[in-house]
Amino acid sequence: MNERTTLSGLARRLSALPPSVGPVRLVAVDGHAGSGKTTFSERLAAALGGAPVLHLDDLATHEELFEWTGRLRSWVLDPFARGETARYRVYDWVARRFPPEERELPAAPVVLLEGVGAGRRELRPFLACLLWMELADEGSWERGQLRDGPELTEFWDGWKRAERAHFAADPSRPYAGLLVLQCNEGYEMLERRPKTD
């Protein structure tokens, strides 16, 4: 199965789901850091005709790697529930602060939420679908470190500890309805029966 067929088929399937928060079908793409979530989300968004993508790296901070759910709820989920365009600020990882400028995120038919922890317990009631990038943590982290370079080695050491602790306390993978495997040519989707709370 080639990537185009796989992604277009997935796009049709996601578009046919019932809305999960206001008029939006919120689709989470979760997995370990470096597992290919961003690239996959961009390709899926294109297959969806330009669906908006929210990167959780934009809401996290150095001090709050996983404590971004309050911002997500007030900036994005609450407006979506009212059928309104969301407005959020993007964390500046160099300046270590949120600038005052806001970005808009429309309450589109499908919105992708991409990042480690996108399928966490607190968010699952708002999700139309949870996808998990099926790549083991060590392989993902190696890819991420190669991408980011040696100057971020200290950050990655802290990140690994934080990610392990997060998924130990609040695993996403068991709740995913689809596992996404990157192949030589595109992606393979493995359907599974997700765990329910």
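Notes on the structure follow.

Thresholds applied
As a convention, each chain's residues are numbered from 1 in the sequence order in which they are written. The predicted origin of the model limits local features to residues at a pLDDT of at least 70 and limits the giving and counting of side-chain atom pairs to 80 or more, whereas totals for whole chains, interfaces and linings rest on all residues. Neither water nor hydrogens contribute to the side-chain values; these are computed over all heavy atoms in the structure. Numbering of helices and strands runs from the N terminus, with a helix taken as a DSSP run of H or I at least four residues long and a strand as a DSSP run of E at least two residues long. Each helix should span, by expectation, one fewer than its residue count multiplied by 1.5 Å. Here the bend at a residue means the angle between the axes of two seven-residue stretches, the one that ends at it and the one that starts at it. Partly exposed residues are those whose accessible area sits between 20% and 50% of the maximum for their type, while under 20% is buried and over 50% is exposed, using a 1.4 Å probe and protein chains only. Pairs of residues are marked as contacts when any of their non-hydrogen atoms sit within 4.5 Å. By this definition, two strands are paired if DSSP reports at least two bridges between them. We count a salt bridge whenever a side-chain nitrogen from Lys or Arg sits within 4 Å of a carboxyl oxygen from Asp or Glu.

## Regarding helix α3 (residues 69-81)
- When the terminal C-alpha atoms of α3 are compared, their 15 Å separation across 13 residues is substantially less than the 18 Å that a helix rising 1.5 Å per residue should span.
- In α3, a bend of some 30° at W75 exceeds every other bend along the element, and P79, a proline, comes one to four places later.
- Among the residues making up α3, those that are buried are T69, R71, L72, W75, V76, L77, P79 and F80.
- Next to the buried residues of α3 lie β1 (25-30), β2 (53-55), β3 (86-88), β4 (103-105) and β5 (110-114).
- Directly beyond the C-terminal end of α3, a positive phi value near 75° is found at G83.

## Things to note about the pairing of β5
- The element β5 is largely enclosed, with a buried count of five among its five residues.
- In terms of strand pairing, β1 meets β5 through five bridges, oriented parallel. Paired with V27 across the bridge in β5 is L112.
- Pairing of β2 with β5 involves three bridges; the strand directions are parallel.

## Considerations on the pattern of salt bridges
- Tallied over the entire structure, the rule returns eight salt bridges.
- Between E104 and R87 there is a salt bridge, and its shortest N-O distance comes to 3.2 Å. Highlighted residues: E104 in strand β4 and R87 in strand β3, separated in sequence by 17 residues.
- On the accessibility criterion, E104 (56% relative accessible area) is exposed.
- On the basis of relative accessible area, R87 is assigned to the partly exposed category, the value being 40%.
- Across the pair D170 and R121 runs a salt bridge whose closest N-O atoms are separated by 3.8 Å.

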